[in-house]
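Each chain, letter by letter, is given below.
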Amino acid sequence: MVYEQITELTVKIQKLEEENAFLIGLYEQIDEMYQELEKKNQQESSNETLKTMECKLKKEMSVEDFKTIVREVINEYKSETVNLIQQENELTNEIYPLFFNENEELRNEIIDDEEYRCPLTKKKYKKSLRSMLKNAIRTKLEQVLNSVDETVLANDSSR
């Protein structure tokens, strides 16, 4: 009888050892999956941190940097009717104060939550101060060019 109980217990122990080995293997798989998920989470959170850092709106720009943008936009235009280079200072003096105060900081009314709002066009821009400024400069240049064209046409028709 004792021999039978020893045999039964030995069989039960073998089954428990097999189950234990299976559970240990399962635990190791789950642990590996958890480690991978944690690495992915860290990568995603660091990517989100980078995105939020990118999302932070730029709030300052020097007059010289602004003039560089004005020159870039002016160089896009090939006009014989107006010497656009002469317009550079005029555009800078006219547009820069609409966007920036005397401390070269972006005006508060330009920032709308996490976006910029152009005071000339009233358009919203998500991240790019530079593209907003370029579009504002283009808009102003178009107005200048159109007024010059109208003046030239008026002078031509009066002859």
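Residues numbered from 1 in each chain as written. Predicted model: local features only at pLDDT ≥ 70, side-chain atom pairs only at ≥ 80, totals over all residues. Heavy atoms only, no water.

Visitor: Explain a nonpolar patch on the surface to me, using residue names and the numbers behind them.
Guide: On the surface, F22, L23, L26 and I30 cluster together into a nonpolar patch covering about 410 Å² of accessible area. By the element assignment, I30 lies in helix α1 (residues 2-55). (Patch = residues over 30% accessible without salt bridge, like charges linked within 9 Å, V, L, I, M, F, W, Y side chains within 5 Å. Areas by Shrake-Rupley, 256 points an atom, 1.4 Å probe, with all protein chains shown as cover. Salt bridge = Lys/Arg side-chain N within 4 Å of Asp/Glu carboxyl O. Helix = DSSP H or I, 4+ residues; strand = E, 2+ residues; numbered from the N terminus.)

Visitor: Which residues make up the environment of T10, and what are the values?
Guide: On the secondary structure map, T10 appears in helix α1. Here the side chain of T10 touches I6 through a polar contact of 2.6 Å, landing on its backbone oxygen. (Polar contact = N/O pair within 3.5 Å; in protein donor to acceptor, adjacent residues only side chain to side chain.)

Visitor: Break down the packing of aromatic side chains for me, with residues and values.
Guide: What the rule picks out here adds up to one aromatic pair. For the pair Y96 and F100, a centre-to-centre distance of 4.8 Å together with 20° between the ring planes defines the contact as stacked. Comparing Y96 with F100, the two get one shared label, buried. (Phe/Tyr/Trp six-rings, centres within 6.5 Å; stacked < 30°, edge-to-face > 60°. Buried < 20%, exposed > 50% of the residue type's maximum accessible area, 1.4 Å probe, protein only.)

Visitor: I'd like a description of the pattern of salt bridges, backed by residues and values.
Guide: The tally for this structure, following the rule as stated, stands at three salt bridges. Ionic pairing is found between R130 and E72, a salt bridge with its closest N-O pair at 2.5 Å. Highlighted residues: R130 in helix α4 (residues 129-157) and E72 in helix α2 (residues 63-75), separated in sequence by 58 residues. Given the relative accessible area of 27%, E72 is considered partly exposed. The closest approach of N and O atoms between E94 and K140, which form a salt bridge, is 2.6 Å. With E94 in helix α3 (residues 84-99) and K140 in helix α4, the pair connects residues that are 46 residues apart, well separated along the chain. Assessed through its relative accessible area of 35%, E94 is described here as partly exposed. What emerges from the salt-bridge pattern is a single network uniting E72, R130 and K134.

Visitor: Which residues make up the nonpolar core, and what are the values?
Guide: In terms of nonpolar packing, the biggest core is built from 22 residues, with F66, F99, F100, L129, M132, L133 and I137 touching the most fellow members. Only α2, α3 and α4 provide two or more residues apiece to this core. The biggest single contributor to this core is α4, with six residues. Apart from residues no more than four positions distant in its own chain, I137 is found in contact with F66, I69, V70, V73, L91 and I95. (Core = buried A, V, L, I, M, F, W, Y, C linked by side-chain atoms within 4.5 Å. Contact = heavy atoms within 4.5 Å.)

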